[in-house]
Amino acid sequence: MYVCLCNGITDSQIREAAESGCDSLRDLRRELGVGSQCAKCARHARQVLRDTRNAM
Ligand code: FES
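This write-up is about the structure you can find in this document. (Residues numbered from 1 in each chain as written. Predicted model: local features only at pLDDT ≥ 70, side-chain atom pairs only at ≥ 80, totals over all residues. Heavy atoms only, no water.)

**Brief notes about the overall build of the chain**
Phase 1: Looking only at helices and strands, the chain features three helices and two strands.
Phase 2: Along the chain, helices and strands appear, N-terminal first, in the series β-β-α-α-α.
Phase 3: Against the globule reference of 10 Å for 56 residues, the chain gives a C-alpha radius of gyration of 10 Å, in line with a compact fold.
Phase 4: Overall, the C-alpha framework of the chain stretches about 30 × 20 × 15 Å when taken along its three principal axes.
Phase 5: Relative to its full complement of 56 residues, the chain shows a buried share of 38%.
Phase 6: Taking all contacts inside the chain whose residues are at least 6 apart in sequence as the whole, residues at least 24 apart take part in 53%.
Phase 7: A total of about 3700 Å² of accessible surface is found on the chain, and carbon and sulfur atoms cover 43% of it.
Phase 8: For the chain, the separation between the mean place of its 9 positive charges and that of its 7 negative charges on side chains is 9 Å. (Helix = DSSP H or I, 4+ residues; strand = E, 2+ residues; numbered from the N terminus. Rg over C-alpha atoms; globule rule 2.2 N^0.38 Å. Buried < 20%, exposed > 50% of the residue type's maximum accessible area, 1.4 Å probe, protein only. Contact = heavy atoms within 4.5 Å. Areas by Shrake-Rupley, 256 points an atom, 1.4 Å probe, with all protein chains shown as cover. Lys, Arg positive; Asp, Glu negative; His and termini not counted. Charge placed at Lys NZ, Arg CZ, Asp CG, Glu CD.)

**Some words on unusual backbone geometry**
Glycine aside, a negative phi is what most residues show, and trans is what most peptide bonds show.
Phase 1: The residue Ala39 is not glycine, and still its phi comes out positive at about 65 degrees.
Phase 2: Turning to its location among the elements, Ala39 is positioned in the loop between α2 (25-32) and α3 (42-54).

Structure follows, in structure tokens:
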């Protein structure tokens, strides 16, 4: 499912990034571009990130 429509980033990609060490929205923005445009995805992206990190 798409989380960041502006950049075409899915929840799977965010999960992979989290498993590879991303642990903040800033990291996600740098790695994938998430939240770099309208930023409407920020809340959802942060939730996916947190859920993934908590499950590790
Ligand atoms: Fe992510 Fe717009 S939906 S920056």
